[in-house]
Amino acid sequence: MKINYDRNINQNIKPPIGERIGMIQSFSNGISRIEKFLAAILMFALAIIVAISVAFRYFLNAPLSWSGEVAVFLLIWISFIGGSLGLKNKSQAAVTLLLDYCPKRMKMWIAVFSQVFIIIFLVLILSYTYTWILSDGVAFQKSTAILLPMWIPYSAVPIGLTFACIHVLAQLVQVIKTKGAEL
């Protein structure tokens, strides 16, 4: 009797539903990795700029005119990227007192409804922000200290909300695919 050691003994076993990753989930995970990297870089840059600004102001008695503006722009980008990551990781504050006592099927439908409601809200806000960013008023506007085109810092809003919408859509697909098993 010959034993085939090359054969995978688990080849016919499918992973549990929660372990299968769909296209939208892997896209959301990829965006999340980019957001984490970008947020780390932006927070590091913000810390360095604020520290340099304090050093110049108090030790060299020569304040930097641009540091406050750049710090505000970085903080805006960090906020919208962080908000998107918060939606991805489900780390927003929530009152779940009533939800904890609902049957599993009702929990699933409430989760689906809330995810759909969030997506509708984000798409509505996104339509206004893209219109705003592409308007002539923003296209020719420049910042005061560094003369940066204002569409660059303002782009944090539609980019962060677009990423958030993708994360919420991935969560909606996951809830529907698993029929609320993780709720």
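Scroll up to find the structure this text is about.
Within any chain, residue numbers begin from 1 and follow the written order of that chain's sequence. Totals for whole chains, interfaces and linings use every residue, but because this is a predicted model, local features are given only for residues with pLDDT of at least 70 and side-chain atom pairs only at 80 or more, for both listing and counting. Each side-chain value is derived from all of the structure's non-hydrogen atoms; neither hydrogens nor water enter the calculation.

Caption draft 1: Region of interest: the overall build of the protein. When helices and strands are counted, the protein shows 7 helices and 0 strands. Taking the contacts inside the protein whose residues are at least 6 apart along the sequence as the reference set, 76% of them involve residues at least 24 apart. Accessible areas in this description were obtained via Shrake-Rupley with a 1.4 Å probe; residue shielding takes into account the shown protein chains only. Total accessible area on the protein is roughly 12700 Å²; 71% of this is exposed by carbon and sulfur atoms. Starting at the N terminus, helices and strands are each numbered in turn, a helix being any DSSP run of H or I of at least four residues and a strand any DSSP run of E of at least two. Any two residues whose heavy atoms approach within 4.5 Å at even a single point are treated as in contact.

Caption draft 2: Structural view of the side chain of T129. By the secondary structure assignment, T129 is in helix α4 (residues 104–133). Three labels apply to residues, based on accessible area from a 1.4 Å probe with only protein chains included: buried if under 20% of the type maximum, exposed if over 50%, partly exposed otherwise in between. Among the residues examined, T129 registers a relative accessible area of 8% and is labelled buried. Within the structure, the side chain of T129 is placed 3.0 Å from the backbone oxygen of L126, a separation counted as a polar contact. Every residue in contact with T129, bar those within four places of it in the chain, is listed here: V157, P158 and L161. Counted as a polar contact is a pair of N or O atoms within 3.5 Å, where, for protein atoms, one must be capable of donating a hydrogen and the other of accepting one, and residues adjacent in sequence contribute only when both atoms are in side chains.

Caption draft 3: Fine view of helix α2 (residues 67–88). Under the convention used throughout, the expected extent of a helix is 1.5 Å for every residue step, that is, one less than its residue count. With 22 residues, α2 ought to run about 32 Å at 1.5 Å a step, and its terminal C-alpha atoms sit 31 Å apart, in line with that. At the C-terminal side of α2, K90 shows a positive phi close to 55°.

Caption draft 4: Representation of the environment of A39 within the structure. Structurally, A39 can be placed in helix α1 (residues 23–58). Each C-alpha atom, one on A39 and one on L75, is 9.9 Å from the other, the two residues being 36 residues apart in sequence.

Caption draft 5: Looking closely at the nonpolar core. Working definition of a nonpolar core: buried Ala, Val, Leu, Ile, Met, Phe, Trp, Tyr and Cys residues. They are joined through side-chain atoms within 4.5 Å. Core analysis: the largest hydrophobic core is formed by 14 residues, its most contacted members being V112, I119, L122, L161, C165, V168 and V175. For this core, the secondary-structure elements that each account for two or more residues are α4 and α7 (156–178). With residues near it in sequence (within four places) discarded, V175 still touches M108, A111, V112, G180 and E182. A71, L74, I81 and L85 belong to the second-largest nonpolar core, a separate cluster that totals 12 residues.

Caption draft 6: Focus on the environment of A45. Here A45 shows up in helix α1. Sequence separation between A45 and L74 is 29 residues, and the spatial gap between their C-alpha atoms is 8.0 Å.

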